[in-house]
Amino acid sequence: MFDTIIISIVILLLLIGLFFTVAGTIGFVRFPDFYSRMHATGKCDTLGEGLMLLALIIYMIGYEGIFKGDLVHALFISIKIILLILFILLANPTSTHAIAKAAHDVGLQPWKKTDETQWMNDMETDEVTNGGETG
Amino acid sequence: MIWILDFTMLLFLVVCAIAAISIKDLLSAVIILSAYSLVMAIVWVEMQSVDVGFTEAAVGAGITTVLFIATLARTEGRSED
Amino acid sequence: MTGLIHMPDFFLFVAVIIVIASFVSLYRGIEGPGIFNRIIAVNVIGTKTIVLLVLIGFIYQRQDFFDIALVYAILNFIMTIAATRY
């Protein structure tokens, strides 16, 4: 009875994490402008990542700890994953911030709903021969 | 059952390689190459060779890409060909 | 305890979906107008490969894969900083 609880928790968390990751990716592809894309990836990926790794930790504790009995080994391993989660939660936002600052310095204008045509002569369309990406 | 993962990742590699060639802007090509070496390390790990995966990960993203970017900083960013 | 046995198949399912998601972000990486979209694309693919690595570690029941995932997290961060520095 006990392992069914663990399995359901793990599957639930994995699916939620997967949902966020996929949502972040879809957002990353569909958003019209660079800055809005960064919103999607910065937030959703980090969260999806955290949830999935958390689910794996619970699975680890459940599988190694109770099923095979060596709880110490399992905890030792899951500490590594906890470190991984913490580092990702730390590193991802800062890297997104670094990109945003770099883009801002280069002078990339955020896309405004009104100026549909003005967007065409933006810096980043110098190599895009086809029409406006949003068109 | 596992080969599905292998197959998709190898396909990813092929697409990455073709993209790296066809891109005009050199810095983007370098960045695509770093994505290539990222997934390459996963393929190594997938094939149960942990040490090769380790070195590929460390070298591919750590050293090669940074060296490419350093050289690009000196030379001109776009390729004329 | 039998339920715990065929869990790796479920992990495989999740891993395949993650690879498909990284395919989609690669599309944006290639298509992306400027350099910065591509930097984000590689960043996104990097974070996805970290989860993929841990999942593969679980599928093969061998626990020495998580060090590589840790290395990847750090390298991805360094890569992004190096790219933005230029």
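Bear in mind the structure is a predicted one, so any value in this text is a computation, not a measurement.

Conventions used here
Residues numbered from 1 in each chain as written. Chains lettered and ligands numbered in written order. Predicted model: local features only at pLDDT ≥ 70, side-chain atom pairs only at ≥ 80, totals over all residues. Heavy atoms only, no water. 1 Å grid on protein atoms, 1.4 Å probe; cavity = no way out; pocket = protein on both sides within 12 Å on 5 of 7 lines; lining within 4 Å. Points joined across faces, edges and corners; volume = space filled by probe spheres on them. Helix = DSSP H or I, 4+ residues; strand = E, 2+ residues; numbered from the N terminus. Nonpolar A, V, L, I, M, F, W, Y, C, P; charged D, E, K, R; others polar. Contact = heavy atoms within 4.5 Å. Axes fitted to C-alpha atoms, helices over the stretch in contact; angles between N-to-C directions. Parallel < 35°, antiparallel > 145°, perpendicular 65-115°, else oblique. Salt bridge = Lys/Arg side-chain N within 4 Å of Asp/Glu carboxyl O. Buried < 20%, exposed > 50% of the residue type's maximum accessible area, 1.4 Å probe, protein only. pLDDT = per-residue confidence, 0-100. Phe/Tyr/Trp six-rings, centres within 6.5 Å; stacked < 30°, edge-to-face > 60°. Polar contact = N/O pair within 3.5 Å; in protein donor to acceptor, adjacent residues only side chain to side chain. Buried area = accessible area lost by both parts, 1.4 Å probe.

What follows concerns empty space enclosed by the protein. To find leftover empty space, a probe the size of one water molecule is rolled over the atoms. Per the counting criterion, the structure on display carries five cavities of 30 Å³ or more. In this structure, the largest cavity spans a volume of roughly 90 Å³. Considering the residues around the largest cavity, the lining is formed by F87, I88, A91, N92 and S95 of chain A together with N43, T47, I50, A73, N76 and F77 of chain C. Contributing elements (two or more residues each) for the lining of the largest cavity: α3 (71-106) of chain A together with α2 (35-59) and α3 (66-85) of chain C. For the lining of the largest cavity, the leading source of residues is α3 of chain A, giving five residues. Considered class by class, the residues forming the lining of the largest cavity number six nonpolar, five polar and no charged. Taken together, M38, T41, G42, D45, N92, T96 and I99 of chain A together with I40, N43, V44 and T47 of chain C make up the lining of the second largest cavity. For the lining of the second largest cavity, a count of residues per class yields four nonpolar, six polar and one charged.

Moving on, we come to the side chain of S22 of chain C. Structurally, the position occupied by S22 of chain C is in helix α1 (residues 7-31). Those residues within four positions of S22 of chain C in sequence are excluded, and the remaining contacts are F12 of chain B together with I45 and K48 of chain C.

Residue and element names in this part refer to chain B. Viewed as axis vectors pointing N to C, helix α2 (residues 26-46) and helix α3 (residues 50-74) meet at an angle of 175°, and their least axial separation amounts to 8 Å. Viewed along their axes, α2 and α3 adopt a mutual orientation that is roughly antiparallel. Residues L26, L27, V30, L33, S34, S37, M40, A41, W44 and V45 of α2 form the contact with α3, whose own contacting residues are V52, G53, E56, A57, G60, A61, T65, F68, I69 and L72.

A separate point is the pattern of salt bridges. The final tally for this structure, using the stated rule, is one salt bridge over all chains. Of the charged contacts, one joins K48 of chain C and D45 of chain A as a salt bridge, the two residues approaching to 3.4 Å between their closest N and O atoms. Taken as a pair, K48 of chain C in helix α2 and D45 of chain A in helix α2 (residues 34-68) lie in two separate chains rather than in one. A relative accessible area of 3% means that D45 of chain A is categorised as buried.

On to the packing of α3 of chain B against α3 of chain C. Pairs of packed helices are described in terms of their axes, by the angle between the two and the distance that separates them. Remark: α3 of chain B packs on α3 of chain C, axes separated minimally by 10 Å, with the N-to-C direction vectors making an angle of 5°. One element, α3 of chain B, and the other, α3 of chain C, form an angle in the roughly parallel class. Contact with α3 of chain B, carried on its side by V50, F54, A57, A58, A61, G62, T65, V66 and I69 of chain B, involves D67, I68, V71, Y72, L75, M79, A82 and A83 of chain C of α3 of chain C and no other residues of that element. The residue inventory of the contact of α3 of chain B with α3 of chain C, partitioned by class, reads 14 nonpolar, two polar and one charged.

Put simply, chain B has an average pLDDT of 82, and 90% of its residues get 70 or more. α3 of chain B is the least confidently modelled element of chain B, averaging 83 in pLDDT, while helix α1 (residues 3-22) of chain B averages 86, the highest of any element.

So, on to the packing of aromatic side chains. How two aromatic rings sit relative to each other is given by the distance of their centres and the angle of their planes. Taken as a whole and judged by the stated rule, the model has two aromatic pairs over all chains. Here the aromatic rings of F12 of chain B and F23 of chain C are separated by 5.4 Å at their centres, their planes lie at 85°, and the arrangement is edge-to-face. Of this pair, F12 of chain B sits in helix α1 while F23 of chain C sits in helix α1, which puts the two residues in different chains.

Take V19 of chain C: it is sitting in helix α1. Residue class for V19 of chain C comes out buried when judged on its relative accessible area of 2%. Measuring from C-alpha to C-alpha, the distance between V19 of chain C and A82 of chain C comes to 25 Å, with 63 residues separating the pair along the chain. Aside from chain neighbours lying at most four places away, what touches V19 of chain C is L5, T8 and M9 of chain B together with L52 of chain C.

Contacts between the two partners involve 33 residues from chain C, matched on the other side by 39 residues from chain B. The interface formed by chain C and chain B contains zero salt bridges. Counting every contact that joins chain C to chain B gives two residue pairs in polar contact (both at pLDDT 80 or more). Counting only elements with at least two residues in the side of chain C that touches chain B, the list comes to α1, α2 and α3 of chain C. Looking at which element gives the most residues to the side of chain C that touches chain B, the answer is α2 of chain C, with 11 residues. Classifying every residue of the side of chain C that touches chain B by side-chain character gives 25 nonpolar, four polar and four charged.

Now for the interface of chain A and chain C. Facing the 48 residues of chain A at the interface are 46 residues of chain C. For the chain A and chain C pair, buried surface summed over both sides reaches about 4,400 Å², with 79% attributable to carbon and sulfur atoms. If you sort the residues of chain A by the area they bury against chain C, F28, Y59 and I99 of chain A come out on top, with a joint share of 13%. Counting the contacts that link chain A with chain C gives one salt bridge.

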